[in-house]
Amino acid sequence: SRQLMELSGALRRQVESRQLMELSELEQEIACSDGIDDVFSRVEEFVENGAVQWQDKLRLVLLYCLRFGPEAGRGLGYLERRLAEMGCPPDRLPALRCIR
């Protein structure tokens, strides 16, 4: 039972430190919203957030790009540059160009 409590605590700390609940909420918003400007602003906030891991940032930007298609092109270059500046490995960024 002690091990279960330790595991539960470790999972809770990961969820909090990686802001996984907030990320999940934004993923839902991207999938369901038609308001590209509001969604872009929220994605931009997460890309700028130093506490969010690069993998999570990249996943959000990829989802944003897939959801809004050609409309996403307006801000995609900016998001790609910010991802690179915020620590996303250069070899991962071509994924964005593949789905444009």
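Data block above holds the structure.
These lines cover the structure that appears in this document, whether it is placed above or below. (Residues numbered from 1 in each chain as written. Predicted model: local features only at pLDDT ≥ 70, side-chain atom pairs only at ≥ 80, totals over all residues. Heavy atoms only, no water.)

## Things to note about helix 5 (residues 73–85)
Next, step 1: Between the first and last C-alpha of helix 5 there are 19 Å, a value that for 13 residues agrees with the 18 Å anticipated at 1.5 Å per step.
Next, step 2: Residues Gly75, Leu76, Leu79, Glu80, Arg82 and Leu83 constitute the buried set of helix 5. Down the axis of helix 5, the smallest arc covering the buried residues is 165°, so these residues share one side. Exposed residues lying more than 90 degrees from the buried face of helix 5 are Arg81 and Glu85.
Next, step 3: Structurally, helix 5 contributes buried residues whose contacts are with helix 3 (36–48), helix 4 (54–68) and helix 6 (94–98).
Next, step 4: Within two residues after helix 5, Gly87 carries a phi angle of roughly 110°, on the positive side. (Helix = DSSP H or I, 4+ residues; strand = E, 2+ residues; numbered from the N terminus. Expected span 1.5 Å × (residues − 1). Buried < 20%, exposed > 50% of the residue type's maximum accessible area, 1.4 Å probe, protein only. Arc of directions from axis to C-beta. Contact = heavy atoms within 4.5 Å.)

## Quick notes on helix 2 (residues 20–32)
Next, step 1: Taking 1.5 Å as the rise per residue, helix 2 with 13 residues should run 18 Å; its terminal C-alpha atoms sit 18 Å apart, in good agreement.
Next, step 2: Residues of helix 2 that are buried include every one of Leu23, Leu26 and Ile30, and no others. Projected down its long axis, helix 2 shows its buried positions confined to an angular sector of 65°, all on one face. Opposite the buried face of helix 2, at more than 90 degrees from it, the exposed residues are Met21, Gln28 and Cys32.
Next, step 3: Turning to helix 2, the residues buried within the fold contact helix 3 and helix 4.

## A closer look at the packing of helix 4 against helix 5
Next, step 1: Across the interface, helix 4 lies against helix 5 with an axial gap of 11 Å and an inter-helix angle of 170°. One finds that helix 4 runs roughly antiparallel with respect to helix 5. Mapping the contact onto sequence places Lys57, Leu58, Val61, Tyr64 and Cys65 in helix 4 and Leu76, Leu79 and Leu83 in helix 5.
Next, step 2: A class-by-class count of the residues in the contact of helix 4 with helix 5 yields seven nonpolar, no polar and one charged. (Axes fitted to C-alpha atoms, helices over the stretch in contact; angles between N-to-C directions. Parallel < 35°, antiparallel > 145°, perpendicular 65-115°, else oblique. Nonpolar A, V, L, I, M, F, W, Y, C, P; charged D, E, K, R; others polar.)

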